[in-house]
Amino acid sequence: MSINKIKKTKDFSTIYNKSKKVHTKYAIIFIKKNLEKEQRFGFVASKKTGNSVYRNRIRRLFKEFVNLNKNKFSKETDYVFVGKSILKDNLKNIKYKDIEKDLSKVIK
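This one's a predicted model, so the numbers in the text were calculated from it and none came from an experiment. Counting starts from 1 at the beginning of each chain's written sequence and moves along it residue by residue. Only residues with pLDDT of 70 or above have their local features reported here, since the model is predicted, and side-chain atom pairs are shown and tallied only from 80 upward, although totals for entire chains, interfaces and linings are computed over all residues. In computing side-chain values, all of the structure's heavy atoms are included and hydrogens and water are not.

### A short note on helix α2 (residues 52-69)
Our working definition: A run of DSSP states H or I qualifies as a helix once it reaches four residues; a run of E qualifies as a strand once it reaches two. Both are numbered from the N-terminal end. The span expected for a helix works out to 1.5 Å for each residue beyond the first. Partly exposed residues are those whose accessible area sits between 20% and 50% of the maximum for their type, while under 20% is buried and over 50% is exposed, using a 1.4 Å probe and protein chains only. The arc in question is formed by the directions pointing from the helix axis toward the C-beta atoms. Contact definition: two residues touch when any of their heavy atoms are within 4.5 Å.
For α2, which comprises 18 residues, the first-to-last C-alpha distance of 26 Å matches the rise-based estimate of 26 Å (1.5 Å per residue) to within 8%. Three or more residues of α2 are buried, namely Y54, R55, I58, L61, F62, F65, V66 and N69. Viewed along the axis of α2, the buried residues span an arc of 135°, placing them on a single side of the element. α2 presents V53 and R60 as exposed residues on the side facing more than 90 degrees away from its buried surface. The elements touched by buried residues of α2 are β2 (27-33), β3 (40-44), β4 (77-83), α3 (86-90) and α4 (96-107).

This is the structure:
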């Protein structure tokens, strides 16, 4: 089953301004209840995290985590995963397991 993605700039802005922030080693996660009765996810990696290859890899790692743990996230909630610039320095050494360990603390 695919994940519902947040695509509109307006939605991202609303979530950034009116949500709870959770900081992990590799990401900042914005969590906000929504009224659409569905969970939605957004994935962001700015240029601070590296070139396009790095940014796409970061987003892919976050998406993989969400796909494998989708049932652990609460329904009726929007989540935006923002990659931190720490990822730029050691992305070559970061494996999915590292991301999973880091983000698992948040959804428990």
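### Focus on the nonpolar core
To keep things clear, this is the line we draw: Grouping buried Ala, Val, Leu, Ile, Met, Phe, Trp, Tyr and Cys residues that are joined through side-chain atoms within 4.5 Å yields what is termed a nonpolar core.
Membership of the largest hydrophobic core comes to 25 residues, with the highest contact counts inside it found for F41, F62, F73, F81, L87, I99 and L103. Only β2, β3, α2, β4 and α4 provide two or more residues apiece to this core. Top element by residues in this core is α2. It accounts for six residues. Leave out the neighbours within four places in its chain, and L103 touches T24, A27, I29, F62, F65 and F81. Of all hydrophobic cores here, the second largest spans seven residues; its members include I6, F12, I15 and F30.

### Some remarks on helix α1 (residues 9-17)
Among the residues of α1, those classed as buried are D11, F12 and I15. Buried residues along α1 cover an arc of 100° about the axis, so they all sit on one side. More than 90 degrees from the buried face of α1, the exposed residues found are T9, K10 and N17. Tucked inside the fold, the buried residues of α1 contact β2, β3 and β4.

### As for the sheet that holds β4
Worth spelling out the cut-off: Any two strands between which DSSP finds at least two bridges are classified as paired. In this analysis, axes come from line fits to C-alpha atoms, helices being fitted only over the stretch in contact, and the angle between any two N-to-C directions falls in the range 0 to 180 degrees.
Read from one edge of the open sheet, four strands run β1-β2-β4-β3, paired in mixed fashion. Only two strands of the sheet have a single partner each, and these edge strands are β1 (20-23) and β3. Across the sheet, the mean angle from the axis of one strand to that of its neighbour is 20°, orientation sign disregarded. Pairing of β2 with β4, which is carried by seven bridges, proceeds in the antiparallel orientation. Considered in β4, the bridge of I28 is made with V82.

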